[in-house]
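Chain by chain, the residues run as shown.
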Amino acid sequence: MNILGICILAGIVVMVAGAVYVTKMIMESKAKIAALENSKKNQSVVLPLRLQAYERMALFLERIDPNQLIMRIHTAGLTVSQEQNLLLTAIRSEFEHNLSQQIYISDHVWEKICDAKGDIESIINTVAADMDKNAESREFAETVLAVTSQKPVVELAIQILKADMQKWAY
């Protein structure tokens, strides 16, 4: 083959390689655009669900706050044991009702919510253990409120929840 033929062949190879490279770049660019559009679409579906989960967990924390919980549950004439059982049952029921929300919130926040729930249950059980189980529950309720006012577990969990939600919302 002569030099002209070799140059033409080399030119064709370079052009084909260039065309393959440009085609590859266009396809990668289109794939990235499609992935971004898909991500944007998913975000428009997931973000509202995630924000709703944060709202529901804030409501959960408010509902298990002993100040709110005792106001809803306390009934004159109950024994310490009866009120303790009612409070713990209400907390567990609220928790089970909101259990699925954990898939939309961060593991750290979920852990803090579970810690707050556990701390409140522990306070209720500790106060009940120090009292006569058959005594009238008014003093029990007052003691639970006094102890939780010294240890604001719900407020701390809500602060963590809000701070984490800010990352997703803005």
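Per-chain numbering applies: the sequence of each chain, read as written, is numbered from 1 onward. Under the rules for a predicted model, residues below a pLDDT of 70 receive no local features and side-chain atom pairs below 80 are neither given nor counted, while totals for whole chains, interfaces and linings still include all residues. Excluded from the side-chain calculations are hydrogens and water; all other atoms, namely the structure's heavy atoms, are used.

Q: Please explain the nonpolar core as it appears in this structure.
A: The tendency in soluble globular proteins is for nonpolar side chains to be buried side by side. The criterion is simple. A nonpolar core is a set of buried Ala, Val, Leu, Ile, Met, Phe, Trp, Tyr and Cys residues joined through side-chain atoms within 4.5 Å. Buried, partly exposed and exposed residues are distinguished by accessible area as a fraction of the type maximum, computed with a 1.4 Å probe on protein chains only: under 20%, between the cut-offs, and over 50%, respectively. Among the nonpolar cores identified, the biggest contains 34 residues, and Leu 61, Ile 105, Ile 113, Ile 124 and Phe 140 are the most heavily contacted of them. Put simply, DSSP H or I for four residues or longer makes a helix, DSSP E for two residues or longer makes a strand, and each gets a number counted from the N terminus. Residue assignment for this core shows that the elements contributing at least two residues are α1 (3-64), α2 (66-73), α3 (80-98), α4 (107-129), α5 (137-150) and α6 (153-169). Here this core takes nine residues from α4, the largest share from any one element. Note on contacts: a residue pair is in contact if any heavy atoms of the two residues lie within 4.5 Å. The contact partners of Ile 113, leaving out residues within four places of it in the chain, are Met 57, Phe 60, Leu 61, Ile 105 and Leu 161.

Q: Before we go on, may I ask you to explain the side chain of Glu 94 in this structure?
A: Inspection of the secondary structure puts Glu 94 in helix α3. In the analysis that follows, any N or O atom pair within 3.5 Å is treated as a polar contact, provided that within protein one partner can donate a hydrogen and the other can accept it, and provided that, for residues neighboring in sequence, both atoms belong to side chains. In terms of polar contacts, Glu 94 uses its side chain to reach the side chain of Arg 63, at 2.5 Å. Setting aside anything within four residues of it in sequence, one finds Glu 94 in contact with Phe 60, Arg 63, Ile 64 and Arg 72.

Q: Is there a simple way to explain the pattern of salt bridges in this structure?
A: In a structure, side chains of opposite charge can pair up when their charged atoms sit close to one another. One side-chain nitrogen of Lys or Arg within 4 Å of one carboxyl oxygen of Asp or Glu is enough to make a salt bridge. Within the structure shown, the criterion is met by six salt bridges. A salt bridge links Glu 94 to Arg 63; the nearest nitrogen and oxygen atoms lie 2.5 Å apart. Here Glu 94, found in helix α3, pairs with Arg 63, found in helix α1; they are 31 residues apart in sequence, far enough to count as distant. For Arg 63, a relative accessible area of 31% translates into the label partly exposed. A salt bridge links Arg 92 to Glu 121; the nearest nitrogen and oxygen atoms lie 3.6 Å apart. On the criterion of sequence distance, the pair formed by Arg 92 in helix α3 and Glu 121 in helix α4 is long-range, its members being 29 residues apart. For Arg 92, a relative accessible area of 40% translates into the label partly exposed. Residue Glu 121 is classed as buried on the basis of its relative accessible area of 10%. Through salt bridges that share partners, Arg 92, Lys 117 and Glu 121 make up one connected network.

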